[in-house]
Amino acid sequence: MRTRSLPATVLFLTLAASSACRKAGNAPDSPSHDSPAALTDRDFAGVRAADSAFAASANAGNVDGVVAVYAANAALLPPNLPPQKGHSAIRSFWGGFLDAYTVRFELESDTIEGRGDLAYNMGHYRFTAVPKAKANPGVADEGKFLEVLKRQPDGTWKYVVDMYSSNLAPQH
């Protein structure tokens, strides 16, 4: 009968126990079989429809339509301001802007990706804002945006996070 040394036996038992505890399919290099499905053509169209609804509503001065594109618990992350969280804060932000200006937004997606009921949309924008009161200066801007969207139970996509920033140098 052959005997093993104590260190070799401990090493063997440790390796055997650790490989027995690992679940199949959880190896670092193996793909997960339960990962969410890739976005469909309908999903991509739904993400683009959210941007179209935002631009159409903003261009019409319709704050209710703008807010409807956001999920109830969404966060708007405008530059140089704290996050605007929830419909009330988002309504206040966009309502103040749309009350002061007649706007023309143009949005274009550069990348849309996602899985399951989450997607992100990265793109660029241009807008002009003509003051409704002569005392206010006009605004023109171009920049980039990043949106995180979630598919709703009715199949529509809504912003859960919306962030944008200008490509233009700050005006002093």
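The rules behind these values
Residues numbered from 1 in each chain as written. Predicted model: local features only at pLDDT ≥ 70, side-chain atom pairs only at ≥ 80, totals over all residues. Heavy atoms only, no water. Pairing = 2+ DSSP bridges. Helix = DSSP H or I, 4+ residues; strand = E, 2+ residues; numbered from the N terminus. Patch = residues over 30% accessible without salt bridge, like charges linked within 9 Å, V, L, I, M, F, W, Y side chains within 5 Å. Areas by Shrake-Rupley, 256 points an atom, 1.4 Å probe, with all protein chains shown as cover. Salt bridge = Lys/Arg side-chain N within 4 Å of Asp/Glu carboxyl O.

Undergrad: Describe the pairing of strand S1 (residues 70-77), naming the residues involved and giving the relevant values.
TA: Pairing between S1 and strand S6 (residues 157-166): four bridges, direction parallel. Directly across from Tyr70, in S6, lies its bridge partner Tyr159. Bridge count between S1 and strand S2 (residues 84-85): two bridges; the pairing is antiparallel. Across the sheet, Leu76 pairs through a bridge with Gln84, a residue of S2. Counted along the chain from S1 to the antiparallel partner S2, the turn is six residues long, and its residue Asn80 has a positive phi close to 65°.

Undergrad: Can you break down a nonpolar patch on the surface residue by residue, with the values?
TA: There is a patch of nonpolar side chains on the surface, built from Tyr120, Met122, Leu146 and Met163 and spanning about 340 Å² of accessible area. Within the secondary structure, Met163 sits in strand S6.

Undergrad: Can you break down unusual backbone geometry residue by residue, with the values?
TA: One non-glycine residue, Asn80, adopts positive backbone phi at about 65°. Within the secondary structure layout, Asn80 lies in the loop between S1 and S2.

The quantities given are spatial measurements derived from coordinates; they are silent on function.
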